[in-house]
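# Residue-level structure breakdown
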Amino acid sequence: MDGIFSLNQPWNSSNMLFGGNYKSLIVEKAPSLDRVRMDLEAYDVPILYLDSFGKITGFGFPPFFDYPLYWTLSQGTVLFSHDMFMLAHEGGCKNLDIEQSQYLLAKGYCDPLCTPCEQIRQFGGSSFYSVGSIGKLTRLDLSYGHIEWDSEESCYRDFKRRLNMGVDNYLERFGDAKHYLLLSGGADSRLIFLLLLTRKVHFEALSSLYVPGTFSDNASDVYLAGMLCERCGIKHNVSQVNLDLLSESFMREMVAQSPCGSHLSAGFRIPIAEFVRDDAVIWTGQNMDGLYSLGPSGRFSLDKHGLAQLLKRFYLSREYMSTLPDVKERGSKVMGWLALLAAEIFKIGYGDHAMTLPRNVMEYQHRFRSCDDYVVLRDDGVEYSELASPISASELKENLFKDKLAYIRGGDSQIICSSARLSNADVAFPFSTMSLVEWFNSYQLNYKDVVHPKRFVYRYIKELSSEIDPKLGVFRRRERVIPGIEAPYDLYGFMGNVLESSLFREMRDVVGDNMETTQANGKKVLDDAHKVMRRYWLLGGRGKFGY
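Residues numbered from 1 in each chain as written. Predicted model: local features only at pLDDT ≥ 70, side-chain atom pairs only at ≥ 80, totals over all residues. Heavy atoms only, no water.

### Thoughts on unusual backbone geometry
Using the following cut-off: Runs of E in the DSSP output that reach at least two residues are strands. Runs of H or I that reach at least four are helices, and both are numbered from the N terminus.
In this structure, P212 follows V211 across a cis peptide bond, with omega equal to 0 degrees. Summarising the element assignment, P212 is placed in the loop between β11 (203-210) and β12 (213-215). Phi at N287 is positive, roughly 90 degrees, even though this residue is not glycine.

Dropping the structure here:
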């Protein structure tokens, strides 16, 4: 929707709310939350509820939907638009809320209650907005049913059933489109690759390779993606991403598309812009990590980043949660000792001697909610009281899950959707359906998941590849696998080179950041890069290249 829509206008199909990708249902009265939840599970698109006279009575939103929709109240009328800057101008909201914007960008993902502009809000996922008689909106959060499986085997079968149902629903919706798959070579996109193969869907693969230097995971992933495509006769489109050849104006269009988040978008935007044309659909394995372990899973390795990901999963496991004093279950002393050992490793690896273990559930939840990579070891020095009554590890996990659910509409997902919109394409997110979100909400991480992340994904890959070609399930890697491309860096070394790039130097000039090129190692490099990106996005919202 390019313009502004008001609740005072008569509703008709030409209004194109949600980019035309929605379901409208006639109801006699405002639906119950249970009814909304079941409707969203059936359709997995935003739902518009109309009464018999065609008047809007409410909006239902699934956990993930690709079009952001903003609203504001102007002279007693609720106004909507997909263009936040246009809405800010028309609604008279021309001032930036600095405190709100800093909070939003520090989190790095979409928060439905936060935008850079005063008085403007986003519609949030997993919510129902009822429309009152005078156009007043009331937001109600949707809950998820809790699934109890009688065995690990039934849990795995349920995971497969829900994933396949999501793939089939997307194919029904986009069956006539041209299909592309963002293929990293890793497990999540590889599983979607196999599921499309088994359905005999004709598609092309898209991969991004950072040049002239990259980090080993990127180089080996692109190599593995190419091997998959070669064995299956799938066209593999590889875009070379050189941050020294990109200008700051390239980022500008992404700020306008996604003003409520910050991201180094080149890796997604370039292949989509280079190969995808109108009326296509882009498949992605995105959000598996975020829903499974509430953030990037990463591979286990002995570098600092690999250990950080391993230990993050450990601190989200039932075994660790049960060691907190206000959790009902009694955790083993071994788990407590492992937690202390992990804290010492972080202190040494990051040179941060202020790291500590959270003392209780309230402090644990606060740290998890506010930290950048969901590591719960950083202490803000505030004392947190224990819970009035103990909760179970399952209840604690559910609290964390609900708190971080907005993550799936931010970060990579947000940029993929924004890039697709710029190419007039749709996006398919099979891991983000209402049905699978319910599964993830109920699934309790245990110690098996700590040392073998996404084990159900790998098991399903092995199962499918054995039916097609066993080599499609191979993940063996080599350090230098693509001729002419060097991969000497780990993630931190790569980000150090990103900070040195021409693109980042131009971005620094825009935001007035005169800091010298950092020589720091480890997480400091990531912090510096995020600082530049967030300040750049914030300036975009202020209007220098916004409204």
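Still to come is the rest of the account.
### Digging into the sheet that holds strand β13 (residues 236-241)
Rule in force here: DSSP calls a pair of strands paired once it identifies at least 2 bridges connecting them. Interaxial angles span 0 to 180 degrees and are taken between N-to-C directions of axes, which are lines fitted to C-alpha atoms, for helices over the stretch in contact. Two residues qualify as a contact provided that any one of their heavy atoms is within 4.5 Å of a heavy atom in the partner residue.
If you walk across this open sheet you meet the five strands as β13-β11-β10-β14-β15, and the pairing is parallel. Two strands lie at the open edges of the sheet, namely β13 and β15 (426-428), each paired on one side alone. Across this sheet, the average inter-strand angle for adjacent strands is 30 degrees, counted without regard to direction. Bridging between β11 and β13 involves six bridges; their strand directions are parallel. Pairing of S207 across the sheet is with V238, part of β13. Against the sheet, helix α8 (residues 266-275) makes contact with β10 (178-182), β11, β13 and β14 (280-283), and its axis sits at roughly 130 degrees relative to β13, the strand it touches most. Those strands touched by helix α15 (residues 411-422) are β10, β14 and β15, and its axis lies near 145 degrees from that of β15.

### Points about the packing of helix α19 (residues 491-500) against helix α20 (residues 502-511)
We count it as follows: Convention used here: angles under 35 degrees read as roughly parallel, angles over 145 as roughly antiparallel, angles from 65 to 115 as roughly perpendicular, and any remaining angle as oblique. Three residue categories are used. Nonpolar comprises Ala, Val, Leu, Ile, Met, Phe, Trp, Tyr, Cys and Pro, charged comprises Asp, Glu, Lys and Arg, and polar comprises the others, including Gly.
For the pair α19 and α20, interaxial distance at closest approach is 5 Å and the crossing angle is 55 degrees. One way to sum up the angle between α19 and α20 is to call them oblique. Along its contact with α19, which presents V498, L499 and E500, the element α20 presents S502, F504, R505 and R508. Here the contact of α19 with α20 is composed, by residue class, of three nonpolar, one polar and three charged.

### Let's talk about the pairing of β10
To be explicit about the condition: Per-residue accessibility, obtained with a 1.4 Å probe over protein chains only, is compared with the maximum for each type, and a residue is labelled buried under 20%, exposed over 50%, and partly exposed between these values. Throughout, right-handed denotes a crossover for which the path from the first strand over the helix to the second runs clockwise when the strands point away from the viewer.
Within β10, four of the five residues are buried, which leaves it mostly tucked inside the rest of the structure. Two elements, β10 and β14, share four bridges in a ladder whose sense is parallel. Bridging across to β14, L181 finds its partner in W283. Following the chain from β10 across helix α5 (residues 187-198) to the adjacent parallel β11, one finds a crossover that is right-handed.

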